[in-house]
Protein chains: 2
Amino acid sequence: MQLPVDTAKHQVDTVRVDDDARQRLIACVELLFFAYRDFTSDPDRLLDQYGFGRAHHRVLHFVSRNPGLRVADLLLILQITKQSLARVLKQLIDEGFIAQRSGKEDRRERLLFVTIKGAKLADRLTDLQVRRIAEALEKAGPEADEMTRRFLFAMIGEKDREKVRELIRLTGASLPEPANAERPIPEDAT
Amino acid sequence: MQLPVDTAKHQVDTVRVDDDARQRLIACVELLFFAYRDFTSDPDRLLDQYGFGRAHHRVLHFVSRNPGLRVADLLLILQITKQSLARVLKQLIDEGFIAQRSGKEDRRERLLFVTIKGAKLADRLTDLQVRRIAEALEKAGPEADEMTRRFLFAMIGEKDREKVRELIRLTGASLPEPANAERPIPEDAT
DNA sequence: AATTTACGTCAGTGATGTTGACTTATTTGG
DNA sequence: CCAAATAAGTCAACATCACTGACGTAAATT
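Overview of the structure. Keep in mind it's a predicted model, so treat the numbers as computed, not measured.

**Some details on the overall build of chain A**
Per the secondary structure count, chain A includes eight helices and three strands. In sequence order, the secondary structure elements of chain A are arranged as α-α-α-β-α-α-β-β-α-α-α. Of the contacts formed within chain A by residues at least 6 apart in sequence, a portion of 52% connects residues at least 24 apart. Total accessible area on chain A stands at roughly 10,100 Å², and carbon and sulfur atoms take up 51% of it.

**Brief notes about the nonpolar core**
Within the largest apolar cluster, 104 residues are counted, with the highest numbers of intra-cluster contacts made by A:V59 and B:V59. Each of domain 1 (20-128) and domain 2 (141-171) of chain B accounts for three or more of the residues forming this core. B:V59 has contacts with B:L74, B:L78, B:L85, B:V88, B:L89, B:L92 and B:I98, leaving out every residue within four places of it along the chain.

**A word on the sheet that holds strand 1 (residues 69-70) of chain A**
Residues and elements named next belong to chain A. Pairing within the open sheet is antiparallel, and its three strands lie in the order 1-3-2. The strands lining the two open edges of the sheet, one partner per strand, are strand 1 and strand 2 (98-102). Where strand 2 lies against strand 3 (residues 110-114), five bridges are found, and the strand directions are antiparallel. Looking at the pairing, A99 lines up with F113 of strand 3. In the packing of helix 3 (residues 54-65) onto the sheet, the strands contacted are strand 1, strand 2 and strand 3, and the crossing angle to strand 3 comes to about 95 degrees.

**Quick look at the sheet that holds strand 1 (residues 69-70) of chain B**
Strand pairing within a sheet occurs via backbone hydrogen bonds; the two strands may be parallel or antiparallel. Within the open sheet, the three strands sit side by side as 1-3-2 (chain B). Their pairing is antiparallel. Because the sheet does not close on itself, it has two edges, and the strands there are strand 1 and strand 2 (98-102) of chain B.

**Side note on helix 4 (residues 71-78) of chain A**
Of all the positions in helix 4 of chain A, only A:D73, A:L74, A:I77 and A:L78 are classed as buried. Buried residues of helix 4 of chain A, viewed axially, fall in a sector of 120 degrees; they line one side. Turning to helix 4 of chain A, the residues buried within the fold contact helix 3, strand 1, helix 5 (82-94), strand 3 and helix 8 (161-168) of chain A together with helix 1 (19-39) of chain B. Residue A:Q79 follows helix 4 of chain A closely and has a positive phi angle near 55 degrees.

**Considerations on the environment of A:V88**
Residues and elements named next belong to chain A. Along the chain, V88 turns up in helix 5. Along the backbone, V88 and R54 are 34 residues apart, and their C-alpha atoms lie at a distance of 9.8 Å. If we skip the residues at most four places from it in the chain, V88 touches A55, H56 and V59.

**As for the interface of chain A and chain B**
With 84 residues of chain A at the interface, the matching set in chain B holds 84 residues. Each partner contributes to the roughly 8,700 Å² buried at the junction of chain A and chain B, and carbon and sulfur atoms together form 69% of this total. Counting every contact that joins chain A to chain B gives 23 residue pairs in polar contact (both at pLDDT 80 or more). Tallying contributions element by element places helix 1 (residues 19-39) of chain A first for the side of chain A that touches chain B, with 18 residues. Class assignment for the residues of the side of chain A that touches chain B results in 46 nonpolar, 14 polar and 24 charged.

**Quick word on the packing of helix 3 (residues 54-65) of chain B against helix 4 (residues 71-78) of chain B**
Residue and element names in this part refer to chain B. It is the contact of helix 3 with helix 4, at a shortest axis distance of 11 Å, that shows an interaxial angle of 120 degrees. As the angle between them shows, helix 3 and helix 4 are arranged oblique. Here the hand of the crossing between helix 3 and helix 4 comes out right-handed. Taken together, the residues of helix 4 that come into contact with helix 3 (itself represented by R58, V59, F62 and V63) are L74, I77 and L78.

**Here's the deal with the side chain of A:T40**
All names here are of chain A. By the secondary structure assignment, T40 is in the loop between helix 1 and helix 2 (41-48). Judged by relative accessible area, T40 falls into the buried class, the value being 5%. Among the polar contacts made by the side chain of T40, one reaches the main-chain carbonyl oxygen of Y36 at a distance of 3.1 Å.

**Focus: the protein's contact with DNA strand D**
By nearness alone, 24 residues border DNA strand D, and A:G53, A:R58, A:T81, B:K82 and B:R108 come closest of all. Protein-proximal atoms of DNA strand D, defined as those within 4 Å of the protein, fall in sugar or phosphate at a share of 58%. Contact between DNA strand D and A:S84: a phosphate oxygen at 3.0 Å from a side-chain N or O atom of the residue. Elements supplying a minimum of two residues to the surface near DNA strand D: helix 3 and helix 5 of chain A together with helix 4 and helix 5 (82-94) of chain B.

**Here's the deal with the protein's contact with DNA strand C**
The immediate surroundings of DNA strand C are formed by 24 residues, with A:R108, B:R58, B:T81, B:S84 and B:R87 found nearest. Near the protein, meaning within 4 Å, the atoms of DNA strand C are sugar or phosphate in a fraction of 54%, with bases accounting for the rest. A distance of 3.5 Å separates a phosphate oxygen of DNA strand C from a polar atom in the backbone of A:V71. Secondary structure elements with two or more residues in the surface near DNA strand C: helix 4 and helix 5 of chain A together with helix 3 and helix 5 of chain B. A total of four residues in the surface near DNA strand C trace back to one element, the largest contributor, which is helix 3 of chain B. Looking at the surface near DNA strand C, its residues break down into four nonpolar, eight polar and 12 charged.

The rules behind each value
Residues numbered from 1 in each chain as written. Chains lettered and ligands numbered in written order. Predicted model: local features only at pLDDT ≥ 70, side-chain atom pairs only at ≥ 80, totals over all residues. Heavy atoms only, no water. Helix = DSSP H or I, 4+ residues; strand = E, 2+ residues; numbered from the N terminus. Contact = heavy atoms within 4.5 Å. Areas by Shrake-Rupley, 256 points an atom, 1.4 Å probe, with all protein chains shown as cover. Core = buried A, V, L, I, M, F, W, Y, C linked by side-chain atoms within 4.5 Å. Buried < 20%, exposed > 50% of the residue type's maximum accessible area, 1.4 Å probe, protein only. Domains from an automatic or database assignment. Pairing = 2+ DSSP bridges. Axes fitted to C-alpha atoms, helices over the stretch in contact; angles between N-to-C directions. Arc of directions from axis to C-beta. Buried area = accessible area lost by both parts, 1.4 Å probe. Polar contact = N/O pair within 3.5 Å; in protein donor to acceptor, adjacent residues only side chain to side chain. Nonpolar A, V, L, I, M, F, W, Y, C, P; charged D, E, K, R; others polar. Parallel < 35°, antiparallel > 145°, perpendicular 65-115°, else oblique. Left-handed = near helix turned anticlockwise from the far one by under 90°. Near = heavy atom within 4 Å.

Interpretation note: all reported values are geometric properties and have no functional meaning in isolation.
Next up, the structure:
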């Protein structure tokens, strides 16, 4: 590529002390961009073969991991609008990757489940991502596993952290300070 | 949210040994999604005020960090098409955030630079992201800094790693095995 | 019985990406 | 020196994924 060198025109004689620290943090910013770019590239290729996009992937993934998820939950997780979700969800249902059932207690709710077909695709997609992460953790060193989870968790907006902690349901030392050790396990489940 | 519990219908009696490991890896997959979602949310809010999107941010960032970047370089970095870049780049130029100059040696090249205005916005955006990362690293622990960079770097597709290493120009122990200690520093620079 | 809730849907819009083809200016190589 | 390759810009058409706002329907709640 032959990139030119940054001659640091801006912030010339500001605090030199944390200048180095800032450079390392900016490296993190850029690394996160590249890491995510490539993290999504493997699934994207597979999804293309089904005529699906990243939006389909996210829906399929979270429904697969959380059978009986409600539409409202999905909206909270993905932080998109009902209309955005509707399109991809409809496709996934129409093509037999996701099935829905009315809730027993509240029949307004549509509980979402993956079909066998959907589970297969979800697993293939997850395998691709798990493989890349496993390799990266191995390359990063023995303690990268835990450290990375702690870092990524801390990157989440404070308001959503508890929700995410419940969602990914990782117990033990894997995440910092569970704040509330009680984990009321609902018994309905599928 | 009251999410139902995964009853693990799939891969029932396969290897139980790394089942736990797989769960932790899947947690990483999901954490990366949430982390990136929130990582981009701060800049997005600021960009909105300028009528810009994420695409503008990426262009502005890399031009700001690499003055004199060529269009072709940008295409390699962002991995988008010329047409996608053209739209946002044109806007950034028209609105005075980025300036271009023909290359001295090769006058076909259009070298890109941020203007003062562009540098200010780029710095504000970077500050937002740096702040979130700094906080997350602090919460994750003392060695998260280095570990996280190693992990993120290893997440990058093997073919692009060297390019990225040059681009983010982090030396020393910050990244694993530089492979080639020689770093020929081009002297043209701006 | 009225309100709220969960979900679906219609219509319109915008940001960002894609492909393919073509032009212009400039450098390079036989 | 002229042909080919290269860097960049441009046009047209299109897909995906997000948005807003409004409205409908069924079921639960008050």
